[in-house]
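# A look at the structure
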Amino acid sequence: EIQGNYTVTYNPGTLTITVQSIVPDDPSYRGVTVDDPRDHEYDAQEHKWTPTVTDKEGNKLTEGTDYKVSYDTDNFVDVKTITVTITGEGSYSGSVTRIYRITPKPATVTADDKSKVYGDVDPELTATDSGLLGTDKVTYTLGRETGEKEGTYAITPSGEEIQGNYTVTYNPGTLTIT
């Protein structure tokens, strides 16, 4: 307490430790990063993205201790936009969102070529679909250009451009009357 010509009184100070924000534009942000998800084309598989959260030194933070993750859906298979919210916990605060998509898979419906003899009943119009997975189906209708003279007539498949998990392209076929 006595130092040379002085009597010194010591008053304690306070060290305040505050939480660190995971939000880049927050004043208490100190370099925490959350990686970005990528989109996936529909493939009938689950695509549940798990974020990687790291501090400014590149050390991985722990889910459940440093942050929690919530999703706006329980379906990670079908075509949709998925919003993921990462919320700081423990020594971390704030929340950030990331968005990714499961996009439609291309599929094709092609009308089968048919033929008949003039005067016969039209054959059954059929089509072949390709690009579909497993037991997936798309719906379509088939029609043909009207006419009964000898010649060729277009067989046209049609339906919705996007059907569920697929973007469908429709290819015409030909009905030949001999």
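The structure under discussion appears in the preceding block.
Thresholds applied
- Residues numbered from 1 in each chain as written.
- Predicted model: local features only at pLDDT ≥ 70, side-chain atom pairs only at ≥ 80, totals over all residues.
- Heavy atoms only, no water.
- Phe/Tyr/Trp six-rings, centres within 6.5 Å; stacked < 30°, edge-to-face > 60°.
- Helix = DSSP H or I, 4+ residues; strand = E, 2+ residues; numbered from the N terminus.
- Buried < 20%, exposed > 50% of the residue type's maximum accessible area, 1.4 Å probe, protein only.
- Lys NZ or Arg CZ within 6 Å of the ring centre and 35° of its normal.
- Pairing = 2+ DSSP bridges.

Here the focus is the packing of aromatic side chains. One pass over the full model with this rule turns up 3 aromatic pairs. Summarising the aromatic geometry, the rings of tryptophan 49 and tyrosine 100 are spaced 6.4 Å apart at their centres and angled 65° between planes, so their arrangement reads as edge-to-face. Here the residue tryptophan 49 occupies a position in the loop between strand S5 (40-41) and strand S6 (53-54), and tyrosine 100 occupies one in strand S10 (residues 95-103), the gap between them amounting to 51 residues. Across this residue pair, the class does not change: tryptophan 49 and tyrosine 100 are buried. Between the aromatic rings of tyrosine 71 and phenylalanine 76, the centroid separation amounts to 5.2 Å while the plane-to-plane angle is 85°, which identifies the pairing as edge-to-face. Classification of phenylalanine 76 by relative accessible area gives buried; the value is 5%. The ring of tyrosine 153 has arginine 144 lying over it, and the distance from NZ or CZ to the ring centre is 5.5 Å.

With that settled, the discussion passes to the sheet that holds strand S17 (residues 166-171). One open sheet accounts for 4 strands, arranged S13-S11-S17-S16; its pairing is mixed. Each edge of the open sheet carries a strand with a single partner, namely strand S13 (127-130) and strand S16 (162-163). Relative to S13, strand S11 (residues 105-111) runs antiparallel, the two sharing 4 bridges. Looking at S13, one finds that threonine 108 is bridged to serine 130.

Although it is not a glycine, alanine 44 sits at a positive phi angle of roughly 65°. Assignment of secondary structure puts alanine 44 in the loop between S5 and S6.

With that out of the way, let us pick up the environment of glycine 90. As for its placement among the helices and strands, glycine 90 is situated in the loop between strand S8 (80-88) and strand S9 (92-93). Residue glycine 90 is classed as exposed on the basis of its relative accessible area, which comes to 60%. Residues glycine 90 and tyrosine 67, spaced 23 residues apart in sequence, show a C-alpha to C-alpha distance of 7.5 Å.

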